[in-house]
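Letter by letter, the chains look like this.
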Amino acid sequence: MFFANSRVLLLAWLALAALILAGCAAKGIPADALRLQESSLELRSIQTRKFTAASEMEILSASIAVLQDMEYGIDEIEKPLGVLTASKLTDADSSKQKTGLFFLDILCAIGGGDDCDSMTRADDSQKIMLTMVVMPSLANENEFVTRVTLQRVVFDKESRINLREKIVDPEIYQQIFDNLSKSIFLEANQ
Amino acid sequence: MTIKFSPLVSMLVLLLGGCAAVAPDVVGSGTQLEIRQIQTREYDTLDKKLTMRSVIATLQDLGFLIDNADLDLGTITATRLHQYKMRMTVTVRKKGQTRIAVRVNARIGETSVTNPLTYQDFFVVLDKAMFLTLHKVD
């Protein structure tokens, strides 16, 4: 009887050890990490526009100005490659989300929980990061191909990361290109 | 009873200890030459700028933001934050008199990408971008 019991215990110990080991093993690299997604072609066309400008300097200056218009800070510029990287920290407070979490806390407190701090999990701020690449067109002179890509990281009240994602909303990109178009016009006519 | 199971307990403590006290990974792992081979591809061109343009287009297609780029040194560093954090550094260098070598490093979170297939996936996309830029398609 004792023998059988210790066998069970031993198995339980081994199972626990295996579980712990599995937990600290290196997390696998996703197999599709660098595979092109099917949606990437559509996303590229959303993120890309062609503009006509007199010179590379003119369109780059207009691009920097439009980033300033949209309240971004420039992090990095590599002029010969037309790469502009910019970012800004903005508010991500959502009263709707906070109301939901507030009621969740109340329910949790009513239920007798003593760790009811869902509110601290609410979105607080977000860092929006942007790369704009402006290159002279290979096909046509005086034309420039501009591609914008956007990502954001949302932080909660205690600076923990709630979300990181690429921004894919076509309207956002359209608005940026509309602004850029105006900026190029102003740059040429100042 | 307590004595009987103490070896098991100590083994568990040892396992846990081995898991927690990881030596600082300062110099990376794997053999230098093998890693270089997996991460490098050569192209029959001498146009560094167009090659870098293709690399940037490839990175953008794959959803990366460019953190840093330098034409003189031929380096590009990019980050993708969708779902998990992936960071890449690409170097573009002249190789001999007629070719250009593109080398790619990737890490996801705290782990280095060592699977040759993942790098192959990247070069498949880059091959297409190179073809298009060298044939003057935007």
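To be clear, the structure that these remarks concern was listed above.
Residues numbered from 1 in each chain as written. Chains lettered and ligands numbered in written order. Predicted model: local features only at pLDDT ≥ 70, side-chain atom pairs only at ≥ 80, totals over all residues.

**Considerations on the overall build of chain A**
Looking only at helices and strands, chain A features five helices and six strands. Counting from the amino terminus, helix and strand elements in chain A follow one another as α-α-β-α-β-β-α-β-β-β-α. Every one of the 190 residues in chain A was classed for burial, and the buried ones make up 21%. Once local pairs closer than 6 in sequence are excluded, the contacts in chain A between residues at least 24 apart make up 60%. (Helix = DSSP H or I, 4+ residues; strand = E, 2+ residues; numbered from the N terminus. Buried ≥ 20, exposed ≤ 12 C-beta atoms within 10 Å, placed from the backbone. Contact = placed C-beta atoms within 7 Å.)

**Regarding helix α4 (residues 116-134) of chain B**
Residue and element names in this part refer to chain B. Given a rise of 1.5 Å per residue, 19 residues ought to cover 27 Å, and the 26 Å separating the end C-alpha atoms of α4 matches this to within 8%. Every buried residue of α4 is listed here: Thr118, Tyr119, Phe122, Leu126, Ala129, Met130 and Thr133. Along the axis of α4, the buried residues cluster in a sector spanning 105°; they form a single face. With its phi angle positive at about 55°, Lys136 sits one or two positions after the end of α4. (Expected span 1.5 Å × (residues − 1). Arc of directions from axis to C-beta.)

**Quick notes on the packing of helix α3 (residues 56-69) of chain A against helix α5 (residues 170-188) of chain A**
Residue and element names in this part refer to chain A. Viewed as axis vectors pointing N to C, α3 and α5 meet at an angle of 125°, and their least axial separation amounts to 8 Å. The orientation of α3 relative to α5 falls into the category oblique. Like other packed secondary-structure pairs, α3 and α5 cross with a definite hand, here right-handed. Between α3 and α5, the contacting residues are Glu58, Ile59, Ser61, Ala62, Ser63, Ala65, Val66 and Asp69 on the first element and Asn179, Leu180, Ser183, Ile184, Glu187 and Ala188 on the second. In terms of residue class, the contact of α3 with α5 is made up of seven nonpolar, four polar and three charged. (Axes fitted to C-alpha atoms, helices over the stretch in contact; angles between N-to-C directions. Parallel < 35°, antiparallel > 145°, perpendicular 65-115°, else oblique. Left-handed = near helix turned anticlockwise from the far one by under 90°. Nonpolar A, V, L, I, M, F, W, Y, C, P; charged D, E, K, R; others polar.)

**What to know about unusual backbone geometry**
Positive phi values are uncommon outside glycine, yet Glu71(A) reaches one of about 70°. For Glu71(A), the position within the fold is in the loop between α3 and β2 (73-78). According to the C-beta neighbour criterion, Glu71(A) is exposed, with 10 such atoms within 10 Å. The phi angle at Gln83(B) is positive, at roughly 65°, despite the residue not being glycine. Note that Gln83(B) resides in the loop between β3 (75-80) and β4 (86-95).

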